[in-house]
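Observations on the three-dimensional arrangement
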Amino acid sequence: MSSELRYTANTQLEHLHARYTGTGHADLTKYEWLTHQHRDTLASIVGHPTLTSYLAIADNESIGRVKFEMTERMLQPCGPPPPKDED
Amino acid sequence: MHLYNLTLKEPTAALHAVVGSFCGGRQQEILISSGVSLQLYRWDASGGVLQNILSSSAFGAIRTLAAFKLTGDDKDYAVVGSDSGRLSILEYDPKTTSFVPVHQEPFGKSGARRIVPGQFLATDPRGRALMIAAVEKTKLVYILNRDVSANLTVSSPLEAHRNTTIVHHVVGVDNGFENPIFAALEFEYDDGANAKSSEPLLTYYELDLGLNHVVRRWSSPTNSRANLLVPVPGGPSASSGDKDGPSGVLVCCEDHIVYVHMDVPQHRVPIPRRGRSSEDAGRGLLIVAAVVHKLKGGSFILLQSEMGDIYKVTVEHDREVVKCLTIKYFDTVPVASSLCILKSGFLFVAAEFGNHHFYQFVQLGDDDSDTQYRSSSYPTFGMAAPSDPLPIPSFQPRSLRNLVLVYEIKSLCPILNSQVIKVLPHADTPQILTACGRGPRSTLRMLVHGFDVDEVTNTDLHSAPNGLWTVRLKDDDAHDAYIVLSFADATRVLRVGEPIEEVQDSGFLVTSLTLAMQQMFMNGLLQVYPGGIRHIGLDKHVAEWRVPLDKRIVSCATNTRQVVVALSSAELVYFELDNGGKLNEYQERLALGSAVLTIGIGEVPEGHQRTPHLAVGCEDQTVRMISLDPETALQTISFQALTAPPSSICIVDMVDGSISNAQPTTFVLIGLINGILLRTVMDSIHGQLSDIRARFVGVGPVRIVPIKVQQRRSVLAISMRTWLQYTYHDRVHFTPLISERMDYACPFSSEDFPEGFISVLGTVLRISRIPQIDQILKEVEMPLDFTPRKLIAHPTNHLLYLIESDHRAAQGLSGATGAQRSSGEPGDHPSTVVWPRAPAGTWASCIRVSDPTTATTLNRIPLDNNEAAFSAAIVTFTSHEDTPYLVVGTASDVVMTPRSCSSGYLRVYRFTEGGTNLELLHKTEADDVPLALLSFQGRLLAGIGTSLRTYEMGKKRLLRKAENKEFPSAIVTLSTQGSRIIVGDIQHSIFFVAYKEPTNRLLIFADDTQARWVTAAAMLDYCTVAAGDKFGNVFVNRLDEVISEEVDRDPNGDGILREKGILMGAAHKTALVAHFHIGDIITTFHKTSLVAGGREVLLYTALHGTIGILVPLQSQDDIDFLSALEQHMRARFVSPIGRDHLSWRGYYTPVKAVVDGDLCEVFSQLPYSQKAAIAGELDRTVSDVLKKLEQIRIGACGF
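Please read all numbers here as calculations on a predicted model, not as lab measurements.

Calculation criteria
- Residues numbered from 1 in each chain as written.
- Chains lettered and ligands numbered in written order.
- Predicted model: local features only at pLDDT ≥ 70, side-chain atom pairs only at ≥ 80, totals over all residues.
- Heavy atoms only, no water.
- Helix = DSSP H or I, 4+ residues; strand = E, 2+ residues; numbered from the N terminus.
- Rg over C-alpha atoms; globule rule 2.2 N^0.38 Å.
- Contact = heavy atoms within 4.5 Å.
- Salt bridge = Lys/Arg side-chain N within 4 Å of Asp/Glu carboxyl O.
- Buried < 20%, exposed > 50% of the residue type's maximum accessible area, 1.4 Å probe, protein only.
- Buried area = accessible area lost by both parts, 1.4 Å probe.
- Polar contact = N/O pair within 3.5 Å; in protein donor to acceptor, adjacent residues only side chain to side chain.
- Phe/Tyr/Trp six-rings, centres within 6.5 Å; stacked < 30°, edge-to-face > 60°.
- Lys NZ or Arg CZ within 6 Å of the ring centre and 35° of its normal.
- Core = buried A, V, L, I, M, F, W, Y, C linked by side-chain atoms within 4.5 Å.
- Patch = residues over 30% accessible without salt bridge, like charges linked within 9 Å, V, L, I, M, F, W, Y side chains within 5 Å.
- Areas by Shrake-Rupley, 256 points an atom, 1.4 Å probe, with all protein chains shown as cover.
- Lys, Arg positive; Asp, Glu negative; His and termini not counted.
- Charge placed at Lys NZ, Arg CZ, Asp CG, Glu CD.
- Pairing = 2+ DSSP bridges.
- Axes fitted to C-alpha atoms, helices over the stretch in contact; angles between N-to-C directions.

On to the overall build of chain B, then. Scanning chain B for helices and strands turns up 8 helices and 92 strands. Over its C-alpha trace chain B gives a radius of gyration of 34 Å, about what one expects of a compact globule, namely 33 Å for 1199 residues. With respect to the three principal axes, the spread of C-alpha positions in chain B is 110 × 90 × 60 Å. If you take every contact in chain B between residues at least 6 apart in sequence, the share linking residues at least 24 apart comes to 55%.

Here it is as structure tokens:
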């Protein structure tokens, strides 16, 4: 679970966070923010046909592959999370 | 500034295509989405064409399409997943020939967002439910049903959400009439500390119809590189009690296909690869498109790889138990975004780029020699070690064996660059040249406004006729019997047949010229000549009416029952056929008082005795409408004053939905001697003329000839150019013909040649036909080898210089392969679909000289050393006597992300042999990729990466003169006026740069407040720039005049240097003056005039094939009127996908100072009551509004 789902006792806010994936909160880390940004961007590229075509032409790949690689990159767009400070 | 956006050509990309019986019945249609519009095509077997039935703009982004049929129904509904935040279900309405939204269920925010559904659509094969899913988390299931009056109902959505889950694909599993199941290929991410890349899961979501909820029924991990699901048919077959198939899905992974179903053993086969694609062997092969077709007692599954190869996959089964999965190579076709199989045995390939192909199956790949690979030949059906790859077999691609190409839908997608220049020597308007396509399917296309004319034969008559007719013999004859030619003192009659020969016994008077020829009702023929009228019965009995000796007939008009002749004494004589088939003269004659130049009479309406109105064009520049009704016969109804004497009049009934959908409208077309054609609408009861519209046809008198095109009444207007007025998609249009000039013409029909026309120019007679009226822009294609990057036209010699480069194309292609292919048929050889693959960072590139008038390549210069060309310009150097040179910006070993290269180069070529050949003078190294070049004040201006430089020509290399390195990302566009340069940055919008000659400085003095991803830019005037960005916006930025003058007054640029920057940028900011979302990425702008003597417009060409214009509105009245109309249209017109128009056009930034002409033009498609209501609120009549819209369109583009 990402930390935003656990971070508060306020159940209503928790509910809203669960509902709107990608919403930030006060304790958001840089990594989490960046990951959300990348996922939003990648989802937007996959969702806009002109952008997938544009990338496909630039890189000379098929649109199918561009969509696949973009979707797959959503898994960990910024690499594995940094190690947690134990404090 | 206020602009009016008008799309001249809708995007031609096909992002999705589905097949279904949208019109109902047995016939199938193909529904294509171009991203922002829907097109419906039907195969017309007799004509051998895919006919466009409808085209409708969505005013929103269509992301996916699906079709479903309710159980027991014979009509398909279309479902659209879009960015509107609604589920839109469309039904085809034959009455209005449009898609009508039957349900638009809102479920989320608009826009293509991460968790708002719309990316994936899956329907239950039995039409009981559908699932719409987002890229992440959200999945909604809607139950489809009928109410008591058999209307489609949609339930409220059932949620099947799952947090932190990303979806690759969703399909509906075919399991007969058990609870509907949707299969989703998804993976879960975990951002927690112990995150590891998880395996994708194949999950079955079951809709429990009894309990009305969705459960996650079953889930199983699959191959980590799975990307696509294909449902395998199942459930009971309609004909027998047997099962159609085993059900389940095929999971397409890199290099493998796996058959998966709940609780049954899996089967796996490898995807055979091309034998020689070993260069990029490290990479797997993906399946990008698939199609399943149910056959009697089985299924037919085709999968297409990213190389364009199609594989046939068979699931061998015994009842529900799968015995074996087999795969074999089928054929190679262009890489598709969607494949569709029609029941009639056709395969439609919606190509991701380039023309869309329509193939016929000649065999199903059952009995040829291609090797079949079976899962049963591997241990445990290939699943012994699921994570290890199976040995990959290879095959040699070959030319088509199972498919035959029968039709192509032309597609400009993608347009990468364009030019608007006058290519055709005799044309008075410029042509649009586009560099389109990708890889081996790239083309250079010239677009010419007009319809092509197929000339079937031509003959020399040895003398020039002055009239030409074709006549049938009997009322029910399907084809013409005679061709009649009138000469100065003779008439020749030819019999239609094989061969066409002259006849002597026709009964016609052959010693005089002829004025008119007509087949009469009850099987007689009528000839009008200056001395009288001759009525010839089928039995060759002749009845003759003679003119008094001192007079002669000067003009006449005939139809099957009525004859009107005008005598030289300005009298009108009227004849009517009685029931016995005899021609009777009306007892009175009408004296007109002015010489008659031309008469027009309509056809007799079906079941009527006569047509009640006559139009007479007189020398005093009037047209008089005269009644032929027995009670008011020969009384003048109305006058219409003209600006010039009329030369020809024609009354014709044509369907125009913008005036009336119910019945054809009667048009009175009046051609004037000054080349103007007036189109007026006649009130069929009172005979009054209204709604006059003028079009310029050509220099010289206009002659009007009614003909038939595609079985519909059309009209040729002949002058120096020939135009066709015709009905297409229920609208009357007016388009020129691309043909030889003609003097006379008449319709023609024979057994071998059912529909066409005969024309005469001088002494030459031609028989021709108009093959299609779908595309008003004719495309002339020329094949290219690689993806074109830039197209430039030489200023004087009319040749084109193209640079082409392809990433990931094997090296060595630049030389041999391209040249080899140019001799072969395009699309015929498998290698022409995609070039053999190479690893990233490998490039193939060339420079091409071509002649656009003949569409030929004159010269081709390949680039070696992994060098690729990115920019080009024709530059004149003051130091070299202003001779033009071609400068090409190249770079070697370019890596796309992050952008890098081993070295950039500026190649300078000298034009030799009149420009047909290029001689390399020298190559100058640069530190980055030169993406933009421009000729600037007798020097070369180059945008090389983040630096802007000027170069002077040297003996061995270019000499760097000035430089500015302050650009943030990369310079992609350059334009100039005077000493001002406008620079477009790839990520940071537009910069204004001043060149100060005394100090040789390039200084940025203004920039934009928004960071835009510029793709194209054009300078509108000294202070204004229009640009397009990567997200489909077009915007106009303007610099304050005061700042502009201040900057120009500063001689050395010291003032600019001293000024303090604002917002971490330049000292001055430009203001946004107009903004609009096009929905397509603009690749080129041209400030040009498309009409001879017309005003300048801003033409843009965009990636998916859109061509549009932005027209500056000149008067406040126009602005007020069009804005008001747009506002009313927004309120009344419902987009088929339910997208709010204002939010679509203001997708990223609110729309500013641009009126959407496309929406305004939808006005003509509204039902009459709505049109009248809007027009009423605008204080205009409906025809005023339509006329205004037409005026703007014609004034701006002439289309």
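Structure's up, so let's keep going.
Take the pattern of salt bridges next. All names here are of chain B. One pass over the full model with this rule turns up 73 salt bridges over all chains. Two residues, Arg 741 and Asp 743, come together in a salt bridge whose shortest N-O distance is 3.8 Å. Close ionic contact of Arg 899 with Asp 928 constitutes a salt bridge, the shortest N to O distance being 3.3 Å. You can see Arg 899 sitting in the loop between strand S73 (884-892) and strand S74 (903-912) and its partner Asp 928 sitting in the loop between strand S75 (917-926) and strand S76 (930-936), a full 29 residues away along the chain. Arg 899 gets classed as partly exposed once you look at its relative accessible area, which sits at 33%.

Listed by partner, the interface residues are 39 residues for chain A and 56 residues for chain B. Across the chain A/chain B interface, buried area totals approximately 4300 Å², and carbon plus sulfur atoms make up 58% of it. Inspection of the chain A/chain B interface yields 9 salt bridges. A salt bridge links Arg 65 of chain A to Glu 306 of chain B, with the shortest nitrogen-to-oxygen separation between them at 2.8 Å. Inspection of the chain A/chain B interface yields 22 residue pairs in polar contact (both at pLDDT 80 or more). Elements supplying a minimum of two residues to the side of chain A that touches chain B: helix H2 (11-19), helix H3 (30-47), helix H4 (49-59) and helix H5 (63-73) of chain A. By residue number, the principal contributor to the side of chain A that touches chain B is H4 of chain A, which donates 9 residues.

On to the packing of aromatic side chains. All names here are of chain B. This structure, assessed with the given rule, holds 32 aromatic pairs over all chains. Measuring from ring centre to ring centre gives 4.3 Å for Tyr 329 and Phe 395, while their planes differ by 25 degrees; the resulting arrangement is stacked. With Tyr 329 in strand S27 (residues 321-332) and Phe 395 in strand S32 (residues 394-395), this pair connects stretches of sequence that are 66 residues apart. Note on Tyr 329: relative accessible area 3%, which makes it buried. Judged by its relative accessible area of 10%, Phe 395 falls in the buried class. Ring centres of Trp 1144 and Tyr 1147 lie 5.8 Å apart, and the angle between their planes is 65 degrees; this geometry places the pair in the edge-to-face category. Grouping residues by exposure puts Trp 1144 and Tyr 1147 together as buried. Ring pairs connect the aromatic residues Trp 43, Phe 346, Phe 348, Phe 358 and Tyr 407, which therefore count as one cluster. Lying across the ring of Phe 177, Arg 126 places its NZ or CZ 5.1 Å from the centre.

Here we come to the nonpolar core. Residues and elements named next belong to chain B. The biggest cluster of nonpolar side chains holds 45 residues, and the ones touching the most others in it are Tyr 4, Ile 1109, Leu 1125 and Phe 1163. Ranked by residue count, the leading element in this core is helix H8 (residues 1182-1197), at 7 residues. Setting aside anything within four residues of it in sequence, one finds Ile 1109 in contact with Tyr 4, Asn 5, Leu 6, Leu 8, Leu 1090, Val 1097, Leu 1098, Leu 1099, Tyr 1100, Ala 1196 and Cys 1197. Core analysis: the second largest hydrophobic core is formed by 29 residues, Leu 228, Cys 252, Ile 327 and Val 833 among them.

With that settled, the discussion passes to the environment of Arg 162 of chain B. Tracing the sequence through the fold places Arg 162 of chain B in the loop between strand S14 (158-159) and strand S15 (165-173). When residues no more than four places from it in sequence are discounted, the contact partners of Arg 162 of chain B are Lys 137, Glu 186, Glu 188, Tyr 205 and Arg 216 of chain B.

With that settled, the discussion passes to unusual backbone geometry. Residue and element names in this part refer to chain B. Each neighbour pair has its own omega, and for Cys 413 with Pro 414 the value is -5 degrees, a cis peptide bond. Summarising the element assignment, Pro 414 is placed in the loop between strand S33 (403-409) and strand S34 (415-421). Residue Thr 897 is joined to Pro 898 through a cis peptide bond whose omega torsion reads -15 degrees. Although it is not a glycine, Thr 97 adopts a positive phi angle of roughly 40 degrees. You can see Thr 97 is positioned in the loop between strand S8 (86-93) and strand S9 (98-106). Of the residues examined, Thr 97 reaches a relative accessible area of 29% and is grouped as partly exposed. The phi dihedral of Asp 882 falls on the positive side, at around 60 degrees, and the residue is not glycine. Structurally, Asp 882 can be placed in the loop between strand S72 (867-876) and S73.

This part is about a negative patch on the surface. Judged by side-chain charge, Asp 1021, Asp 1040, Glu 1041 and Glu 1045 of chain B come together as a negatively charged surface patch. Looking at Glu 1045 of chain B, the relative accessible area reads 44%, which means it is partly exposed.

Attention now goes to the pairing of strand S6 (residues 62-69) of chain B. If a strand is regular, its side chains alternate between the two faces of the sheet. Residues and elements named next belong to chain B. For S6, the buried fraction is high: 7 of the 8 residues fall into the buried class. With 7 bridges connecting them, S6 and strand S7 (residues 76-82) associate as antiparallel partners. The partner of Thr 64 across the bridge, within S7, is Gly 81. Counted between consecutive antiparallel strands, the loop separating S6 from S7 contains 6 residues, among which Gly 72 sits at a positive phi close to 85 degrees.

Residue and element names in this part refer to chain A. On the surface, Leu 13, Leu 16 and Tyr 20 cluster together into a nonpolar patch covering about 250 Å² of accessible area. The topology assignment puts Tyr 20 in the loop between H2 and H3. In this structure Tyr 20 comes out as partly exposed when scored by relative accessible area, which is 41%.

Turning our eyes to something else, we now look at the sheet that holds strand S90 (residues 1097-1102) of chain B. All names here are of chain B. Pairing is mixed across the open sheet formed by 5 strands, whose spatial order is S89-S90-S91-S1-S92. Two strands in the sheet have a free side with no partner beyond their single neighbour: strand S89 (1082-1088) and strand S92 (1154-1156). Pairs of neighbouring strands in the sheet enclose a mean axial angle of 25 degrees, with direction left out of account. Note: S90 against strand S91 (residues 1107-1112), 4 bridges, orientation antiparallel. Bridge assignment links Leu 1099 to a residue of S91, and that residue is Ile 1109. Across the sheet, helix H4 (residues 1116-1132) touches strand S1 (3-9) and S92, and the angle it forms with S92 is around 50 degrees. Of the strands in this sheet, S1, S90 and S91 touch H8, which is tilted by about 75 degrees from S1.

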